[in-house]
Every structure is written in C-alpha cells, then in structure tokens.
Amino acid sequence: MADMDEQRGPGAGPPERWRTGGPPRWWRQGPPGWSRRADGREDGLESAGRVRWPWPSTVLFTAFVLIGSGFADHAQAGERVALDPLGRVLLLLSGAVLLWRWRHPVAVLWGTVAAVLLYLGAGYPYGPVLLTVVVACFAAVASGRRYAAWAATGTLWAGHLLTVHVLYRWLPPSGDDAAPWTEEIVVATWVVALLSVSELARVRREQWARERAERARAERRRADEERLRIARELHDVLAHSISVINVQAGVGLALLDSDPEQARTALTTIKAKSKEALGEVRQVLDTLRAPGAAPRTPAPGLDRLPELAEQAASAGLAVTVEGEPPRLPPGADLAAFRIVQEALTNVVRHSGSREARVRVERRDGRLRLLVDDDGPATGADAGGTGNGLAGMRERAAALGGTIEAGTRPDGGFRLLAVLPIETEEDR
C-alpha cells in the first residue's frame, strides 16, 4: 500500500496554529477568533453565540481611563471642572460598557459616545476618556458594523464642535472661550486615523477568516479523498479475496466426500487467501492509526501480475498475461494493479468463461491495460457495474486516465484502462 503522505498530497496533516499572515498570539482580547481558540473552535463558538467575555482588557482600559483622568484633572486644574463623583461615574461607565463590545458592538459604541459627550459637556478635563470611543469604534468596524461606526464617530465630532463653538457660553466651566479652529483640524485628523485603522483591521480580519475557511475546506477535501481511497482499497482487497474463497469453498464442499485430497487443497487455498486478505486489511487500518508512517510492506504493483494470475487460477480462472509491465511511480503502480485485480474478480464472479487475457501496453506515454474474457455473462451485472467499476474509474480519473468497459460483438467482455502515466524511465 502506498505511503499515506503520498496519497494525501502536500499540505496534509493537522493545521498549524497560525499560518503566515495570521494575527499574533499575544493578542488575546481582540475580535472573536483572534484568541488562542481561533484555529479549532472559533466557528462553533461564534455560531452558538458564546463569544468570549473580554474581562482582562476591559479592566485594563477602565483602570487606565480612571487613573489617567486623575492625572489630567491635576494638570488642568483651574481650566476645567474638577472631577467629582458624577465625573468618575461617567468614566467608569464608559470603560465598563466595553465588556459587551463583541456581543453588542453598535450599542456599546453609541453608549461610549453618549458618555464622552456628557463628560465633555459637563466641563470635565480632557484625557484618556476618548480611548473608550477608540476601542468601541475599533470593535464595531472589525465586527462589520462600519456604517454605524462612521455615524457614531461623526456624531461625536459634531457634538464636540457644538460644545466648544456654540454651547460653551452656557456650559461649565464658566468664562470659557471658544476653542480655536486649528484644534478641530487635530480632532478631524484623529477621527480619520481612527476610522482608517479600524477599516484596515476589518479588512485583515476578513482576509484571515477567508484563509481559515479555505484551509478548513482543504482539510475536509483531503479527508474525503482519503476516505474514498481507503474505501477503494478495502473493496478491491476484500472483493478479490472473498471471490477466490467463495469459489474454493464451493469446490471443497462439492469434493469433500468424493475427493478429500482435492477438498484439502481447496481448504489450503482458502486459508492462504484469507490470511493474505487479513494482512492487507490490517495494513490499511494501520495506516489509519498512524498517518504518515511508512508502510510495513511494499505496495502491490504490476510486477505482481504473475502472482495475481496464480490466485485467479486457484479460483478456476486461467489468466494469460501479455506484455512487459513498465516501472511506474508507487501510486500509479498500485492503481494499475488494483484495476487489473478488480477486472479479474469481475470475470470470476460474473462471467461464464474460465479464461481471461491481460495485455499491458505502453504507447505514446500512456499505459493501456486490456482485460478480456470470452463470456457469456452469468448475471445482470456482468462485467461489474457496481462499486467495483466505479472504484476503477475513480482510480483512473485520479491519474487523469479513463476506463471503458462493455460487451464485445462476439459476446465476450472487455475492459480498457488508459492511464497517462510518466514511467520511472522517463524521469
């Protein structure tokens, strides 16, 4: 059997924690999926609505706002209204509401904007309170609520303009003058930079999400291909072996009384064939238990056609092999062998002929495998119209080849497999 890694192709195996271009591991409190659980559990948690609560970052932001605003209060003493319990409550609320920023990003953003406008309108000192709007805006844009983020940020800017240029006469602190318009250029630059960074984060997050989804689809596709490959292997191994065992069991039963020696030979063949089948099935299962491990025995190939002919002979089918099999890569060699094996199994099961011919040809860089019998068919599914023929076609299609099977004009049956395979001599 071929090496599992070769069958699975490049990139097989468990996904890495983060591929190139993914977000850094130290960012634990970012958008859902930017935390440690992003690789394996993100989709399931988000679909179930169980978004992680960002407690550490919320506590950090709130503490920074409270402590930083205290320093700002001392620095702006006499210029702005001193912090009182109401001001500290507004600071606490603007930071604490960030705990819900990934569950209700729009509501949290508008809540922080309202708290900041009340704080500034009350004349409290400028300071890190604006950080809460930055964090809430970032969360809203990264969550896809970009228009709501733009509207909320524009409202904050408009409210600030109204406060410092129109309502300052009636708002504390008393005797305050209108803010210079040059200050508004700084505020406008700050707003544009905030939205730009948030948009960039949103675009990168969507790109990472697409990459994760593509990797997940690739993993599922490889798993499906591997499952089909194993199903074909088990079918080919068991169908051929059980067909031989069935024929020999019939011979043994028929000759048990009249020719015990011949019956003993049939039983010996059954024992040998069942042991061989068990060995091949065990090899397939061992590959499942240890993906990527090297096979214990070489994969069968066209060099075992004489052995396959002997096995068919033990089932009462005389097989003539014509042509010299070329040396093929392991995967192609295994596919060619299994196609011939399944074709001979179909002759044993569905044809009245006790002779079959296998011809191997190499022509124009293509491998042609012909399996003929003279018939007649012994059942409605003669020639193999079930999983066996489907499996052969899948093996050939995986290599870019074709399978043609049908009844010949003289009543026999022919299977033709054409595989465009590069032989080892061509390399």
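Here the residue numbering is sequential within each chain, running from 1 through the sequence in written order. Given that the model is predicted, a residue must reach a pLDDT of at least 70 before its local features are reported, and side-chain atom pairs must reach 80 or more before they are shown or counted; all residues, however, enter totals for whole chains, interfaces and linings. Side-chain metrics in this entry use all non-hydrogen atoms of the structure; hydrogen atoms and water are not considered.

Novice: Tell me about the overall build of the protein, residues and numbers included.
Specialist: Per the convention used, a helix needs a DSSP run of H or I reaching at least four residues, while a strand needs a run of E reaching at least two, with both numbered from the N terminus. Looking only at helices and strands, one finds 12 helices and 5 strands in the protein. Contacts in the protein between residues at least 24 apart in sequence constitute 72% of all its contacts with a sequence separation of at least 6. For the area figures, the Shrake-Rupley method with a 1.4 Å probe applies, and any residue is considered shielded solely by the protein chains shown. Counting every atom, the protein has about 22300 Å² of accessible surface; 60% of that belongs to carbon and sulfur. By definition in these notes, contact holds between two residues if any of their heavy atoms fall within 4.5 Å.

Novice: Account for the UniProt feature "transmembrane region" (unreviewed entry) in the protein, with residues named and values stated.
Specialist: With numbering matched to this structure, UniProt assigns "transmembrane region" (unreviewed entry) to residues 53–73, 85–102, 108–141, 148–170 and 185–203. A distance of 27 Å separates the end C-alpha atoms of residues 185–203, which is 100% helix and 0% strand. UniProt positions are given in the numbering used here, feature names are shortened, and annotations may be inferred rather than shown by experiment.

Novice: Before we move on, can you summarise unusual backbone geometry with the specific residues and values?
Specialist: Looking along the chain, the bond that leaves Pro172 and enters Pro173 is cis, with omega of 0°. Within the fold, Pro173 resides in the loop between helix 7 (146–165) and helix 8 (181–255). At Asp364, a residue that is not glycine, the phi angle is positive and equals roughly 55°. Following the sequence through the fold, Asp364 ends up in the loop between strand 2 (355–363) and strand 3 (366–373).

Novice: Tell me about the environment of Leu369, and please be specific about residues and values.
Specialist: Structurally, Leu369 is set in strand 3. Here's how the labels work: a residue is buried when its accessible area is under 20% of the maximum for its type, exposed when over 50%, partly exposed in between, all with a 1.4 Å probe on protein chains only. In this structure Leu369 comes out as buried when scored by relative accessible area, which is 1%. Put simply, Leu369 and Gly323 are 46 residues apart on the chain and 9.8 Å apart in space, counted from C-alpha to C-alpha. The contacts of Leu369, once residues within four sequence positions are left out, are Leu302, Ala336, Val340, Arg359, Val360, Leu415, Leu416 and Ala417.

Novice: Break down the pairing of strand 3 for me, citing the residues and quoting the values.
Specialist: Regular strands place side chains that alternate from one sheet face to the opposite one. Most of strand 3 sits out of view: 6 of its 8 residues are buried. By the bridge criterion, 8 bridges tie strand 2 to strand 3 in an arrangement that is antiparallel. Residue Arg363 lies in a different strand from strand 3, and its bridge partner there is Arg366. Between the antiparallel neighbours strand 2 and strand 3 lie 2 residues, among them Asp364 with a positive phi of about 55°. For two strands to count as paired, DSSP must find a minimum of two bridges between them. Pairing of strand 3 with strand 5 (residues 413–419) involves 7 bridges; the strand directions are antiparallel. Among the inter-strand pairings, Leu369 is bridged to a residue of strand 5, identified as Ala417.

Novice: Run through the environment of Arg362, naming residues and quoting values.
Specialist: Examined against the element boundaries, Arg362 turns out to sit in strand 2. Judged by its relative accessible area of 45%, Arg362 falls in the partly exposed class.

Novice: I'd love a proper account of the side chain of Asp73, names of residues and values included.
Specialist: Here Asp73 is to be found in helix 3 (residues 55–75). When charges are counted, neither His nor the chain ends are considered; positive counts come from Lys and Arg and negative counts from Asp and Glu. We define a salt bridge as a contact between a side-chain nitrogen of Lys or Arg and a carboxyl oxygen of Asp or Glu at a distance within 4 Å. With no salt bridge to any partner, buried Asp73 finds its closest opposite charge in Arg88, at an N-O distance of 4.9 Å. With near-sequence residues (within four places) excluded, Asp73 lies in contact with Val81, Ala82, Leu83 and Pro125.

Novice: Describe the nonpolar core, listing the residues and the values that go with them.
Specialist: Put simply, a nonpolar core is a bunch of buried Ala, Val, Leu, Ile, Met, Phe, Trp, Tyr and Cys residues held in one set by side-chain atoms that sit within 4.5 Å of each other. Formed by 33 residues in total, the largest nonpolar core has its most connected members in Leu317, Leu344, Leu367, Leu369, Ile403 and Leu415. Breaking this core down by element, the ones donating at least two residues are helix 10 (305–314), helix 11 (330–350), strand 2, strand 3, helix 12 (387–398) and strand 5. With 9 residues, helix 11 is the largest single contributor of residues to this core. Residues Tyr124, Val133, Val135 and Val187 belong to the second largest nonpolar core, which totals 26 residues.

Novice: Lay out the pairing of strand 1 (residues 318–322) with the relevant residues and their values.
Specialist: When strand 1 meets strand 2, the two strands line up parallel, connected through 5 bridges. Each residue of the ladder has a partner; that of Val319, found in strand 2, is Ala356. Classification remark: right-handed applies to a crossover when, strands pointing away from the viewer, the course from the first strand over the helix to the second runs clockwise. Assessed by its sense of winding, the connection that carries the chain from strand 1 through helix 11 to strand 2 is left-handed.

Novice: Lay out the packing of helix 5 (residues 105–121) against helix 6 (residues 130–142) in plain terms, naming residues and giving numbers.
Specialist: Note on geometry: axes are lines fitted to C-alpha atoms, helical ones only across the stretch in contact, with angles between N-to-C directions running from 0 to 180 degrees. Relative orientation of the contacting elements helix 5 and helix 6 amounts to 160°, with a least axis distance of 9 Å. In terms of axis orientation, helix 5 runs roughly antiparallel to helix 6. The handedness of the crossing between helix 5 and helix 6 comes out as left-handed. Side by side, helix 5 and helix 6 meet where Pro105, Val108, Leu109, Thr112, Val113 and Val116 of the first sit next to Leu130, Thr132, Val133, Ala136, Cys137, Ala139 and Ala140 of the second. Note that Gly is not counted as nonpolar here; it falls among the polar residues with everything else outside the nonpolar set of Ala, Val, Leu, Ile, Met, Phe, Trp, Tyr, Cys and Pro and the charged set of Asp, Glu, Lys and Arg. Per-class residue counts for the contact of helix 5 with helix 6 are 11 nonpolar, 2 polar and no charged. Throughout this description, any angle smaller than 35 degrees is read as roughly parallel, any larger than 145 degrees as roughly antiparallel, any in the 65 to 115 degree range as roughly perpendicular, and the remainder as oblique. Crossing handedness is read from the near helix: turned anticlockwise from the far helix by less than a right angle, it gives a left-handed crossing, and turned clockwise, a right-handed one.

Novice: Mind laying out the pattern of salt bridges, listing which residues take part and the relevant values?
Specialist: Considering all chains together, one arrives at 11 salt bridges under this definition. The partner of Arg359 in a salt bridge is Glu361, and the shortest N-O contact between them spans 2.8 Å. Overall, Glu361 belongs to the buried group, its relative accessible area being 18%. A salt bridge links Glu361 to Arg368; the shortest N-O distance between them is 3.3 Å. Residue class for Arg368 comes out partly exposed when judged on its relative accessible area of 21%.

Novice: Give me the packing of aromatic side chains: which residues, what numbers.
Specialist: Stacked, edge-to-face and tilted labels apply to pairs of Phe, Tyr and Trp rings (six-membered ring for Trp) whose centres lie within 6.5 Å, assigned for plane angles under 30 degrees, over 60, and everything in between, in that order. The final tally for this structure, using the stated rule, is 3 aromatic pairs. Aromatic side chains Trp53 and Trp100 sit 6.0 Å apart centroid to centroid with 85° between the ring planes, which places their arrangement in the edge-to-face category. Linking Trp53 in the loop between helix 2 (38–47) and helix 3 with Trp100 in the loop between helix 4 (85–96) and helix 5, this pair joins segments that are 47 residues apart in sequence. Residue classification places Trp100 among the partly exposed positions, given a relative accessible area of 37%.

Novice: For helix 11, give the residues involved together with the corresponding values.
Specialist: To estimate how far a helix should extend, the number of its residues minus one is multiplied by 1.5 Å. Taking 1.5 Å of rise per residue, 21 residues should cover 30 Å, and helix 11 covers 30 Å from first to last C-alpha, within 8% of that figure. Extensive coverage of helix 11 is indicated by the burial of 19 of its 21 residues.

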